[in-house]
Amino acid sequence: MEIPDRLIAAIRSARHLVVLTGAGASYESGLATFRTPQTGLWERFRAEDLATPAAFQRDPALVWGWYEWRRMHVMRAKPNPAHFAITTLQALVPRLTVITQNVDDLHERAGTHPVIHLHGTLLAPLCERCREPHVLPREIPEEPENGRSVPPPGCGRCGGHIRPGVVWFGEELPRHEWESAVRAAASCDTFLCVGTSSIVQPAASLVERANEAGAVTVQINPNPTGIEGRLSFALSGPAGTLLPEIVRQLQLA
Ligand code: OAD
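Residues numbered from 1 in each chain as written. Predicted model: local features only at pLDDT ≥ 70, side-chain atom pairs only at ≥ 80, totals over all residues. Heavy atoms only, no water.

1. Description of the pattern of salt bridges
Stage number 1. Considering all chains together, one arrives at 10 salt bridges under this definition.
Stage number 2. The shortest N-O distance in the salt bridge between D189 and R15 comes to 3.3 Å. Note that D189 is positioned in the loop between α9 (175–187) and β6 (190–194) and R15 in the loop between α1 (5–13) and β1 (17–21), a separation of 174 residues in sequence.
Stage number 3. If you follow the salt bridges from partner to partner, you end up with R46, E48 and D49 in one network. (Salt bridge = Lys/Arg side-chain N within 4 Å of Asp/Glu carboxyl O. Helix = DSSP H or I, 4+ residues; strand = E, 2+ residues; numbered from the N terminus.)

Take a look at the structure:
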């Protein structure tokens, strides 16, 4: 797909560029999205059984086993050209803020720092009772079967259950991260939504805040999301192709 010249010009003149990523940004690294028909995680598993505080109270081993299975996939995955292109953008604009809904560490492994993790991370579990961080072994976990129960470790301090360091349905987003994301969306001049269905709130409201603040807003997604009519540009295609192409054109003299 052609990248409009007006979009390249907007990014070139941007003083503060924000990139918000979702599961589609990691899809080309082999990680499943949530809502893609047939392969999406929420197409194959019930969020109510796995991603709520009540689910963890009911069956901690089922929930911990499922997140360990996802963590194993993340540890085996590698950043893709979309992640590397975002890292290159850091050097091409005066200020870049990267906000992700993803619980993997592929932006960081591609060299982007810092990254605002709105939904937490699979790689920093903590005690559900006293919030003490839990140090995970460094090696890639043995392949747990999809759906196999694994009892969560006990907290070294208070004996409570260790839980995944992610945000579950019904929980608040981490306050500092959310406030930083809102500040960035309200003060940027260009805002890119990459690989997100723009359904889950409050993350999906960030692009609306950028719109209200007068920023140029852009979506990169091979599929329609329904918000196209409210954006300045909607680019249809995979992030791993379109983002490197944007970077290539920005680098042309
Ligand atoms: P979704 O699964 O809802 O959306 C993924 C989006 O990525 C879809 O719009 C796809 O069309 C798009 N996509 C697929 N392949 C792509 C590619 N190669 N390049 C670009 N885009 C591609 O995932 P999210 O929007 O991230 O929250 O979901 C938001 C939140 O819902 C997640 O963070 C998670 C989930 O419940 C929590 O767990 C709290």
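2. Let's talk about the side chain of H83
Stage number 1. Relative to the helices and strands, H83 is located in helix α7 (residues 81–89).
Stage number 2. What makes H83 buried here is its relative accessible area of 1%.
Stage number 3. Every residue in contact with H83, bar those within four places of it in the chain, is listed here: A25, S26, S29, L106, H107, A110 and T112. (Buried < 20%, exposed > 50% of the residue type's maximum accessible area, 1.4 Å probe, protein only. Contact = heavy atoms within 4.5 Å.)

3. Some details on helix α11 (residues 239–251)
Stage number 1. Its 13 residues give α11 an end-to-end C-alpha distance of 18 Å, which sits within 8% of 18 Å, the value for a rise of 1.5 Å per residue.
Stage number 2. By the burial criterion, the buried members of α11 are A239, G240, L242, L243, I246, V247, Q249 and L250.
Stage number 3. Looking at the buried positions of α11, the neighbouring elements they touch are α1, α7, β6, β7 (216–221) and β8 (233–236). (Expected span 1.5 Å × (residues − 1).)

4. What to know about the nonpolar core
Stage number 1. Membership of the largest hydrophobic core comes to 27 residues, with the highest contact counts inside it found for I220, L243 and I246.
Stage number 2. Per element, the largest residue contribution to this core is 6 residues, and it comes from α11.
Stage number 3. Setting aside anything within four residues of it in sequence, one finds I220 in contact with C193, V194, G195, L235, G237, A239, L242, L243 and I246. (Core = buried A, V, L, I, M, F, W, Y, C linked by side-chain atoms within 4.5 Å.)

5. Considerations on the pairing of β8
Stage number 1. Covered by surrounding structure in β8 are F233 and L235 only, the residues A234 and S236 on the alternate face being uncovered.
Stage number 2. Looking at chain direction, β7 and β8 are connected through 4 bridges and run parallel. Note on β8: the bridge partner recorded for V218 is F233. (Pairing = 2+ DSSP bridges.)

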